[in-house]
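Structural features, examined
What follows is each chain in one-letter form.
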Amino acid sequence: MDKTLIRGGNALNGRIAISGAKNAALPLMAASLLTEAPLVLTNMPRLADINTMSDLLIGHGVKVGLESQPGGMGRQVTLQAAGVSDPLAPYDVVRKMRASILVLGPLLARGGKAVVSLPGGCAIGTRPIDLHLKAMQALGADIELDSGYVHASAPSGLTGGVITFPFVTVGGTENALMAAALARGTSRIENAAMEPEITDLAHCLTRMGAKISGIGTSKLTIHGVPELHGAAHSVLPDRIETGSYIAAAAITGGQLELTGTRLDILGQVIERFEAAGVILDETGDVLHVSTRHARPLPVQIKTAPFPAFATDMQAQFMAMMSVATGTSTIAETVFENRFMHVPELARMGARIKVNGGIAIVDGRENLIGAPVMATDLRASMSLVLAGLAAQGETEINRVYHLDRGYERLEEKLQTLGADIERVSA
């Protein structure tokens, strides 16, 4: 099993390209099941989760064609589901990635049947799929659970309905949106997630012929159409990768130029970076990142659905605040188990106390390199950031988590001056 070695202390400087968003690419790939015509997706990141979704779709009968794009950082993916040969999403594939549940809505809408294993993914909370299932029931589907599988059927097709989510669910909104696109009649989604990835999916579906209003708001109206057609769509930039590299500049006192991204997808994360002393300047297609101080200033954050502070940036901010000039408070309200990186950061000398869903971080001048273990995708990045700032060598184990969400991480960081390498254990 590979591990990553980091010898910290280098300020990061230079220019890198931000990849397409994994969390946008996965539902877009699932949307290919909604039409027999080709769906061409560009700016696709090279990630393990993309490969997993490709394997899942191939099992459903989708033809998947991959081509490299200029520069070698992204790919063009052509998906064509001329016929859905198998409605089964098996455990062996689904257990690797929670986003596999996103085939549920498209399979139901297109063929009237889906058999999907209960999903896996990062162990950061219970994240039940009951809201996905209730959304499908609101559109007329029959749902049964048997031996770890969801058996969903709508032999006469889905019908328009009102879906009211009791709390915001990104995946639930995506599944409902895709299913409603082919349902007979009009559907409404109340309390829909407003993340940029939802907007990106809605725009792609619109290009495919879907009729959607309210895009970008918490109330979506979908007028179902008999069929969708093919389209070409560029995946939006990865806001979490963008934020992670901003944090890398902040924690090392460096200056970066990030291309292929933009500020408007970051939401409240921008305010918290600026409060920490980070300077963000968007000029054309380049985001300039620099710092006002040698060490970040302490901040208070509270995670919540977009446009509030993203839970996927919480671990990275905790690493930053570990070397801040004072005491920070971090409140996690989205996932109950998302402080699993705290003991690993503590091994590097971070001073963090956790009380329920609140972490108090007392910044110190230096962290110390140590052997640590990644527990999930974003926790992995927090350890990388800590390692970049620490004295001595940091050894990060279980780095396969990073491959799920960060394209060519070591290579990009090396380009910026980091002393980092991946080695076989």
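Structure report, in brief. A quick note: this is a predicted structure, and the numbers were derived from the prediction, not measured. (Residues numbered from 1 in each chain as written. Predicted model: local features only at pLDDT ≥ 70, side-chain atom pairs only at ≥ 80, totals over all residues. Heavy atoms only, no water.)

A side chain with one charge may pair with a side chain of the opposite charge, provided their charged atoms come close. Evaluation of the coordinates by the stated rule reveals 16 salt bridges. For lysine 134, the salt bridge is made with aspartate 130, and the minimal N-O distance between the two is 4.0 Å. Of the two residues, lysine 134 and aspartate 130 both sit in helix α5 (residues 130–138), four residues apart, roughly one turn of that helix. Two residues, arginine 408 and glutamate 411, come together in a salt bridge whose shortest N-O distance is 4.0 Å. Three or more residues joined by partner-sharing salt bridges are found here, namely Asp2, Asp403, Glu410 and Arg422. (Salt bridge = Lys/Arg side-chain N within 4 Å of Asp/Glu carboxyl O. Helix = DSSP H or I, 4+ residues; strand = E, 2+ residues; numbered from the N terminus.)

Counting across every chain of the model gives two aromatic pairs. Taking 4.7 Å as the distance between ring centres and 45° as the angle between the ring planes, the aromatic pair formed by phenylalanine 273 and phenylalanine 317 counts as tilted. One end of the pair, phenylalanine 273, is in helix α9 (residues 269–275); the other, phenylalanine 317, is in helix α10 (residues 314–321), and 44 residues separate them in sequence. We classify phenylalanine 273 as buried; its relative accessible area is 0%. Here phenylalanine 317 falls in the buried class, since its relative accessible area comes to 0%. (Phe/Tyr/Trp six-rings, centres within 6.5 Å; stacked < 30°, edge-to-face > 60°. Buried < 20%, exposed > 50% of the residue type's maximum accessible area, 1.4 Å probe, protein only.)

Of note, the amide linkage connecting phenylalanine 306 to proline 307 takes the cis form, showing an omega dihedral of 15°. Residue position: proline 307 is located in the loop between β18 (300–302) and α10. Its identity as a non-glycine residue notwithstanding, arginine 398 has a phi of 60°, on the positive side. Tracing the chain through its elements places arginine 398 in the loop between β23 (393–397) and α13 (400–403). Located in the positive-phi region is arginine 408, a residue other than glycine, with phi close to 50°.

Our next topic: the nonpolar core. Judged by nonpolar contacts, the single largest core of 75 residues is most densely connected at Val103, Leu104 and Leu205. Core analysis: the second largest hydrophobic core is formed by 67 residues, Ala310, Met321, Val323 and Met348 among them. (Core = buried A, V, L, I, M, F, W, Y, C linked by side-chain atoms within 4.5 Å.)

On to α5. Listed in full, the buried residues belonging to α5 are Leu131, His132, Leu133, Ala135 and Met136. The secondary structure elements touched by the buried residues of α5 are α4 (104–111), β8 (142–146), β9 (149–153), β10 (162–164) and α6 (170–181). Just past α5, the residue glycine 140 takes up positive phi, approximately 95°. (Contact = heavy atoms within 4.5 Å.)

A few words on the sheet that holds strand β12 (residues 211–213). Here we have four strands laid out as an open sheet, ordered β10-β11-β13-β12, and mixed in their pairing. Sheet topology places β10 and β12 at the edges, where each strand pairs with a single neighbour. In this sheet, adjacent strand axes meet at a mean angle of 15° when their direction is disregarded. The pairing of β10 with strand β11 (residues 186–190) spans three bridges and is parallel. The residue bridging valine 162 from the neighbouring strand is arginine 188, located in β11. (Pairing = 2+ DSSP bridges. Axes fitted to C-alpha atoms, helices over the stretch in contact; angles between N-to-C directions.)

Inspection of the secondary structure assignment puts histidine 401 in helix α13. On the basis of relative accessible area, histidine 401 is assigned to the buried category, the value being 8%. The spatial distance from the C-alpha of histidine 401 to the C-alpha of serine 380 is 6.7 Å, given a sequence separation of 21 residues.

The strand order across the open sheet built from four strands is β6-β7-β9-β8, with neighbouring strands paired in mixed fashion. The sheet terminates laterally at β6 (88–89) and β8, the two strands that pair on one side only. Sheet topology note: the β8/β9 ladder contains five bridges and is antiparallel. When the bridges of β9 are listed, glutamate 144 appears paired with histidine 151. Of the strands in this sheet, β7 (113–117) and β9 touch α4, which is tilted by about 160° from β7.

With that settled, consider the packing of α4 against α6. Direction vectors running N to C along α4 and α6 enclose 10°, while the axes themselves pass 7 Å from each other. By the angle between their directions, the pair α4 and α6 is classed as roughly parallel. When you trace α4 past α6, the crossing you get is right-handed. Here Leu104, Gly105, Pro106 and Ala109 of α4 lie close against α6, whose contacting residues are Asn175, Met178 and Ala179. Looking at the contact of α4 with α6 residue by residue, the classes come out as five nonpolar, two polar and no charged. (Parallel < 35°, antiparallel > 145°, perpendicular 65-115°, else oblique. Left-handed = near helix turned anticlockwise from the far one by under 90°. Nonpolar A, V, L, I, M, F, W, Y, C, P; charged D, E, K, R; others polar.)

Right, let's talk about the packing of helix α8 (residues 239–252) against α10 for a bit. Relative to each other, α8 and α10 sit at 5°, their axes nearing to 10 Å. The angle between α8 and α10 places the two elements in the roughly parallel class. Of the residues in α10, those touching α8 at Ile240, Ser244, Ala247, Ala250 and Ile251 are Gln316, Ala319 and Met320. When its residues are assigned to classes, the contact of α8 with α10 shows six nonpolar, two polar and no charged.

By themselves, these figures tell us nothing about what the structure is for.
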